[in-house]
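Structural description and commentary
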Amino acid sequence: MPTAIGTCGLFPRRSFGPTLLLVETLSIGQTLPELYRAVLERVAELEQAGHRDEAFHIRRAALHAYSRAWDQNAQRRLAALSARAERVLGGVERSRPSRTVRSTAGWSGST
């Protein structure tokens, strides 16, 4: 009679691949800060490339998404903003037209 290795029939043999993949999946709470940081890095690149108004709009939208519920909607919105910035930086999409006058209402200029 052959010698059995491990348990005999109590638990069926199976691959642990899918189970481990579920355990290794990162939560939105772990990925959202990284995604937000990536958007801010793209915003800095937009500013350096002279797309200041586009950078302003993306930064404002990213802050809005990041400061609300941390859910899949926020994750999708941040990913879309990052992709938008990449397309503008790559010349695939045009940036928003520059506005030369920004409101400074309420700013006194003194500290």
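Look up a bit, the structure's there.
The sections below set out a description of the structure shown in this document. (Residues numbered from 1 in each chain as written. Predicted model: local features only at pLDDT ≥ 70, side-chain atom pairs only at ≥ 80, totals over all residues. Heavy atoms only, no water.)

**Brief notes about the pattern of salt bridges**
Taken as a whole and judged by the stated rule, the model has five salt bridges. The salt bridge involving glutamate 86 is made with arginine 42; its shortest N-O contact spans 3.0 Å. Separated by 44 residues along the polypeptide, glutamate 86 in helix H4 (residues 72–89) and arginine 42 in helix H2 (residues 28–48) bring together distant segments of the chain. One salt-bridge network, held together by shared partners, links Glu41, Arg42, Glu45 and Glu86. (Salt bridge = Lys/Arg side-chain N within 4 Å of Asp/Glu carboxyl O. Helix = DSSP H or I, 4+ residues; strand = E, 2+ residues; numbered from the N terminus.)

**Quick word on the packing of H2 against helix H3 (residues 52–67)**
Orientation of H2 relative to H3, taken along the N-to-C sense of each, is 165°, at an axis distance of 8 Å. As judged from the angle between their axes, H2 and H3 are roughly antiparallel. The two elements H2 and H3 cross, and the hand of that crossing is left-handed. Where H2 approaches H3, its residues Leu32, Pro33, Tyr36, Val39, Leu40, Val43, Leu46 and Glu47 are matched on the opposing element by Arg52, Glu54, Ala55, Ile58, Arg59, Ala62, Leu63 and Tyr66. The residue inventory of the contact of H2 with H3, partitioned by class, reads 12 nonpolar, no polar and four charged. (Axes fitted to C-alpha atoms, helices over the stretch in contact; angles between N-to-C directions. Parallel < 35°, antiparallel > 145°, perpendicular 65-115°, else oblique. Left-handed = near helix turned anticlockwise from the far one by under 90°. Contact = heavy atoms within 4.5 Å. Nonpolar A, V, L, I, M, F, W, Y, C, P; charged D, E, K, R; others polar.)

**Details of H2**
With 21 residues, H2 should reach 30 Å at 1.5 Å per residue; the first-to-last C-alpha distance of 30 Å fits that figure. Considered for burial, the residues of H2 that qualify are Thr31, Leu32, Tyr36, Val39, Arg42, Val43 and Leu46. Taken end-on, H2 shows its buried residues confined to a sector of 140°, consistent with a single buried face. When the buried face of H2 is taken as reference, the exposed residues oriented beyond 90 degrees from it are Glu34 and Gln48. Elements that come into contact with the buried residues of H2 comprise H3 and H4. With its phi angle positive at about 90°, glycine 50 sits one or two positions after the end of H2. (Expected span 1.5 Å × (residues − 1). Buried < 20%, exposed > 50% of the residue type's maximum accessible area, 1.4 Å probe, protein only. Arc of directions from axis to C-beta.)

On their own, these measurements won't tell you what the molecule is for.
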